Amino acid sequence: MAEVDWELLARHAQDAMGRAYAPYSSFPVGAAALLDDGRIVSGCNVENASYGLTLCAECTMVGALQMGGGGKIAAFYCVDGAGAVLMPCGRCRQLLYEFRAPGMVLMTSHGVRTMDEVLPDAFGPEHL
């Protein structure tokens with residue numbers, strides 16, 4: 001895979017964040033991923049009055065990945081309403097792990113990290 005264009009991924013994440021539905025928390029989130037075939041998919045958080053039904057940006061992004069023909073995530077970027085980098089929560093790290101390409105990397109508040117660094121000793125499809 002070629003070098004990751006982090007600025008492009010950030011722009012896609014920020015654009016997705018602008019579409020977030022966050023009337024309860026006022027905390028819009030956008031996510032974008034570079035797939036192993038060069039496509040970019042994105043997603044935003046979608047809140048619900050029944051808070052437990054809220055979808056994280058990573059969830060809608062993975063839905064878009066599947067609806068767009070599938071693929072594996074090579075690089076990932078997530079932002080808040082101010083455009084600052086966000087780390088995925090534990091649930092979303094597991095979701096990203098499921099759809100990762102070998103060597104997947106994420107932008108974090110501490111720079112680029114591998115999926116294995118942000119979810120060590122993960123449980124995945126290879127364990128079933």
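This write-up is about the structure you can find in this document. (Residues numbered from 1 in each chain as written. Predicted model: local features only at pLDDT ≥ 70, side-chain atom pairs only at ≥ 80, totals over all residues. Heavy atoms only, no water.)

**Section: the overall build of the protein**
Turning to step 1, where the next piece is worked out: Looking only at helices and strands, one finds four helices and five strands in the protein.
Turning to step 2, where the next piece is worked out: Across the protein, helices and strands are ordered from the amino to the carboxyl terminus as α-β-β-α-β-α-β-β-α.
Turning to step 3, where the next piece is worked out: Over its C-alpha atoms the protein spans a radius of gyration of 14 Å, differing by no more than 12% from the 14 Å that the globule rule assigns to 128 residues.
Turning to step 4, where the next piece is worked out: Going through the 128 residues of the protein one by one, you find that 41% of them count as buried.
Turning to step 5, where the next piece is worked out: Residue pairs in contact within the protein that sit at least 24 positions apart in sequence constitute 59% of those at least 6 positions apart.
Turning to step 6, where the next piece is worked out: Carbon together with sulfur atoms contributes 55% to the accessible area of the protein, which is approximately 6,800 Å² in total.
Turning to step 7, where the next piece is worked out: A distance of 3 Å separates the average location of the 8 positive side-chain charges in the protein from that of its 14 negative side-chain charges. (Helix = DSSP H or I, 4+ residues; strand = E, 2+ residues; numbered from the N terminus. Rg over C-alpha atoms; globule rule 2.2 N^0.38 Å. Buried < 20%, exposed > 50% of the residue type's maximum accessible area, 1.4 Å probe, protein only. Contact = heavy atoms within 4.5 Å. Areas by Shrake-Rupley, 256 points an atom, 1.4 Å probe, with all protein chains shown as cover. Lys, Arg positive; Asp, Glu negative; His and termini not counted. Charge placed at Lys NZ, Arg CZ, Asp CG, Glu CD.)

**A closer look at unusual backbone geometry**
Turning to step 1, where the next piece is worked out: Phi is positive for S26, which is not a glycine, with a value near 55 degrees.
Turning to step 2, where the next piece is worked out: Looking at where S26 falls in the secondary structure, it is placed in the loop between α1 (6-17) and β1 (30-35).
Turning to step 3, where the next piece is worked out: Given a relative accessible area of 60%, S26 falls into the exposed group.
Turning to step 4, where the next piece is worked out: Notably, D121 is not glycine yet its phi reads approximately 55 degrees, a positive angle.

**Observations regarding helix α2 (residues 57-67)**
Turning to step 1, where the next piece is worked out: Every buried residue of α2 is accounted for by A57, E58, C59, M61, V62 and L65.
Turning to step 2, where the next piece is worked out: Positive phi appears at G69, one or two residues downstream of α2, with a value of about 115 degrees.

**Description of the environment of R113**
Turning to step 1, where the next piece is worked out: Assignment of secondary structure puts R113 in strand β5 (residues 111-114).
Turning to step 2, where the next piece is worked out: Sequence spacing of R113 and D15 is 98 residues, and the spatial spacing of their C-alpha atoms is 23 Å.
Turning to step 3, where the next piece is worked out: In contact with R113, other than residues within four places in its own chain, are M104, V105, L106, T108 and V118.

**Thoughts on the packing of aromatic side chains**
Turning to step 1, where the next piece is worked out: Under the counting rule described, the total for this entry stands at two aromatic pairs.
Turning to step 2, where the next piece is worked out: Look at Y24 and Y51: their rings are 6.0 Å apart centre to centre, the planes differ by 80 degrees, and that puts the pair in the edge-to-face class. Taken as a pair, Y24 in the loop between α1 and β1 and Y51 in the loop between β2 (40-44) and α2 lie far apart in primary sequence, 27 residues in all.
Turning to step 3, where the next piece is worked out: Overall, the relative accessible area of 59% leaves Y51 in the exposed class.
Turning to step 4, where the next piece is worked out: Note that R100 overlies the ring of Y97, its terminal NZ or CZ placed 3.6 Å from the centroid. (Phe/Tyr/Trp six-rings, centres within 6.5 Å; stacked < 30°, edge-to-face > 60°. Lys NZ or Arg CZ within 6 Å of the ring centre and 35° of its normal.)

**Notes on the layout of surface pockets**
Turning to step 1, where the next piece is worked out: Its boundaries defined by the atoms lining it, the largest pocket holds a volume of some 190 Å³.
Turning to step 2, where the next piece is worked out: Forming the walls of the largest pocket are 16 residues, and the residues nearest its centre are V29, N45, C56, A57 and E58.
Turning to step 3, where the next piece is worked out: In the lining of the largest pocket, the residues fall into eleven nonpolar, three polar and two charged. (1 Å grid on protein atoms, 1.4 Å probe; cavity = no way out; pocket = protein on both sides within 12 Å on 5 of 7 lines; lining within 4 Å. Points joined across faces, edges and corners; volume = space filled by probe spheres on them. Nonpolar A, V, L, I, M, F, W, Y, C, P; charged D, E, K, R; others polar.)

**Some details on the side chain of T108**
Turning to step 1, where the next piece is worked out: Within the secondary structure, T108 is located in strand β4 (residues 100-108).
Turning to step 2, where the next piece is worked out: For T108, a relative accessible area of 5% puts it in the buried group.
Turning to step 3, where the next piece is worked out: Of note is the side chain of T108, whose polar atom sits 3.0 Å from the backbone nitrogen of H110.
Turning to step 4, where the next piece is worked out: Polar side-chain contacts of T108 include one of 2.5 Å to the backbone oxygen of G111.
Turning to step 5, where the next piece is worked out: Once you skip the residues sitting within four places of it in the chain, T108 turns out to touch V85, M87, R113 and V118. (Polar contact = N/O pair within 3.5 Å; in protein donor to acceptor, adjacent residues only side chain to side chain.)

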